[in-house]
Amino acid sequence: MENLLSMPPPAVLLATADELLLDDLLRLAAAAEVAPRVENDLLGLRRNWQTATLVVVGEDLADPLARTQPTRRSGVLLATRASPRTPPRSTPPPAPDPQWAALPGDSDAYRHALAIGAEGVFVLPTDEAALGDKLSDALDGGVRTAVTLAFVGGCGGAGATTLAAAVAITAGRRGLRSMLIDGDPLSGGIELVLGTETYEGSRWPALLNAAGRVSASALRAALPSVDGLAVLSWDQSDVTALPPEAMRSVLGAAQRSSDLVVVDLPRRPDPAAEEAFVRATSTLVVVPRDVRSCAAAARLVAPLREVAHDLRVVAREPGLNGLSALDVADHLSLPLAAKLGSERDLPSSLDEGRFDPRPRSALGRAAGEVLDLFGLYGLLAA
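This is a predicted model, so every value here is computed, not measured.

> Give me the lowdown on the nonpolar core, citing residues and values where you can.
Counting residues in hydrophobic clusters, the biggest one holds 47 residues, and the most contacted among them are I181 and W204. Among the elements that make up this core, the one with the highest residue count is helix α9 (residues 244-256) (six residues). Residues contacting I181, with those up to four places away along its chain left out, are I190, W204, L232, L251, A254, V261, V262, V263 and D264. Counting 38 residues, the second largest nonpolar core, distinct from the first, contains I190, F355, L371 and F374.

Written out as C-alpha cells, the structure reads:
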C-alpha cells in the first residue's frame, strides 16, 4: 500500500472527477513540465489541501468542498469547461468583489470560487494560456515580486558596473536571493569585476534564442554562482547584440526566482536595454561629482525618462573640488539615492581579482544605502 506519510508534498494538485476537464488539465500540466498529483474525490482533495503549492479545483468538487468550510489559503484556482450556455466575455456576471468583475463564465462558477477562497476562475479552453502560466509559476516555487534595479553610468567610467556588483553581493550577504545580469555585450564585463571568467555555467550567447517563458529554476541552476549569487554575463565570443525577446524572457525568469535582480545596462540606445529599463523597479544613474560628468549625464537622462519610470542618481566622489551630491541631483532633477565615496585601493583589487565590498568600505556603504532605500534589509531585519 502506498505510504502517504512518506510522499513529498505536491507542487500542484489537480482535483476533479470530471474526466474531460482532467484531460485538459493534464495536457496543460504536461506543457508546463509539471508532474501534478491528481485526486478525483473530496477526501483526496482535503488530504492535500494544505500541502500543495497550487491547488486547481474542478467546479464539480467546489461545492462539496465549500460545505466542509476548508481553511483559507493562497494558491487556489477553480477550473471549469465552457458550455454552450456560458455567456461571452463581454457580459460577465455581477460579483461583490472587484477582482471577479472582469472574469467570464457561469455565475455558479464564481459563487463556488468565492466559497472556497479561490483566487480566480479559469474557463477552458479560453483561459488555457493563463492557467498554463499559473502551473509554471508553481513549478518555479510560486510567483516572486523581485525588486529589480537597473544601473547605468552617467558617463564613461562612472563605476556603475562596480556598484551593481557590490549591491548584488551585499544583498546576498544579507540573505537575499539575488541575480546579477550584465546587459551590455560591449562592456568590460561583470566577470572581470567578480573574477569569474573560468567558472562553469551558461553565458548570454547560450540564451540568445530564449523566447516566451523560461524556467526560473532551470535558469538559476545553469548560471555560474559566486557565494550563492547567480551571475549572467558574457563570454569571449564575438556576439555584440542581445535580442530584446531574450532579455524579456530571461529577466522574467530571474524576477520569478529572486528577491533582487540587478541589471548593469549600457548608455547607448538599445532595444534589449529598453526592455530592462521598462521592467525595472528603479533605474540608478551613477554620476561622478564634476561638471563634465553632470553634463554628459544630463544628455543620457532625457531619453531615459521615456522608458524608466523611477530614475534616481548615485553621486560618486571624484576627488577634491568636486560638486556636492545634492548639486548633482539638483542639476539632473533626480532624487539622490546614495553617495559613493572613493576607494584608493579598488583598481588594484579588481586587477588582482579581490573584489570584496566590505560593509564599512565606501562601496559597501553605498550598496547598503541602495538596498535600505528599497527595503531590502534581509536578515538584518531579524
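More follows now that the structure is in view.
> Quick one: what's the story with the sheet that holds strand β8 (residues 225-226), residue by residue and with numbers?
Within the open sheet, the eight strands sit side by side as β8-β9-β7-β10-β6-β11-β12-β13. Their pairing is mixed. Sheet topology places β8 and β13 (336-340) at the edges, where each strand pairs with a single neighbour. As judged from the six bridges shared by strand β11 (residues 282-288) and strand β12 (residues 311-316), these two strands associate in the parallel manner. Bridge pairing in β12 places V285 opposite V313. Contacts from helix α11 (residues 291-304) reach β6 (147-153), β11 and β12 within the one sheet, and its direction differs from that of β11 by about 160°. The strands touched by helix α14 (residues 362-373) within the sheet are β6, β10 (260-264), β11, β12 and β13, with β13 carrying the most contacts at an inclination of about 165°.

> Before we move on, can you summarise the sheet that holds strand β2 (residues 37-39) with the specific residues and values?
Read across the sheet, five strands follow the order β2-β1-β3-β4-β5 without closing on themselves; strand pairing throughout is parallel. Pairing within the sheet leaves two strands with one partner each, and these edge strands are β2 and β5 (121-124). Across the sheet, the mean angle from the axis of one strand to that of its neighbour is 20°, orientation sign disregarded. Bridging between strand β1 (residues 12-15) and strand β3 (residues 54-58) involves four bridges; their strand directions are parallel. Among the inter-strand pairings, L13 is bridged to a residue of β3, identified as V55.

> Could you give an account of the packing of helix α6 (residues 160-173) against α14, with specific residues and numbers?
Two quantities define a packed helix pair, namely the angle between the axes and the distance from one axis to the other. It is at 9 Å that the axes of α6 and α14 come closest, and there the two elements cross at 70°. As judged from the angle between their axes, α6 and α14 are roughly perpendicular. The two elements α6 and α14 cross, and the hand of that crossing is right-handed. Only L363, A366, A367, V370 and L371 of α14 make contact with α6, whose side of the interface consists of T162, L163, A166, V167, T170 and A171.

> Tell me what's going on with the pattern of salt bridges, and back it up with residues and numbers.
The full count for this structure, using the stated rule, is 15 salt bridges. R27 is paired through a salt bridge with E128; the nearest N and O atoms lie 2.7 Å apart. With R27 in helix α1 (residues 19-31) and E128 in helix α5 (residues 128-139), this pair connects stretches of sequence that are 101 residues apart. A salt bridge links R279 to E275; the shortest N-O distance between them is 2.9 Å. Pair noted here: R279 and E275 are both in helix α10 (residues 271-279), with a separation of four residues, about one helical turn. Taken together, the shared-partner salt bridges in this structure form one network comprising D24, R27, R81 and E128.

> Any chance you could break down helix α12 (residues 325-332) for me, citing the residues and the numbers?
If you check which residues of α12 are buried, you get A325, V328, A329 and L332. Looking straight down α12, one finds that the buried residues subtend no more than 95° of arc, so they occupy a single side. Residues of α12 that are exposed and angled more than 90 degrees away from the buried face: L326 and D330. Buried residues belonging to α12 abut β11, α11, β12 and β13. Immediately downstream of α12, the backbone of S333 shows phi near 55°, a positive value.

Parameters and conventions
- Residues numbered from 1 in each chain as written.
- Predicted model: local features only at pLDDT ≥ 70, side-chain atom pairs only at ≥ 80, totals over all residues.
- Heavy atoms only, no water.
- Core = buried A, V, L, I, M, F, W, Y, C linked by side-chain atoms within 4.5 Å.
- Buried < 20%, exposed > 50% of the residue type's maximum accessible area, 1.4 Å probe, protein only.
- Helix = DSSP H or I, 4+ residues; strand = E, 2+ residues; numbered from the N terminus.
- Contact = heavy atoms within 4.5 Å.
- Pairing = 2+ DSSP bridges.
- Axes fitted to C-alpha atoms, helices over the stretch in contact; angles between N-to-C directions.
- Parallel < 35°, antiparallel > 145°, perpendicular 65-115°, else oblique.
- Left-handed = near helix turned anticlockwise from the far one by under 90°.
- Salt bridge = Lys/Arg side-chain N within 4 Å of Asp/Glu carboxyl O.
- Arc of directions from axis to C-beta.

Just geometry here; none of it tells us what the structure is for.
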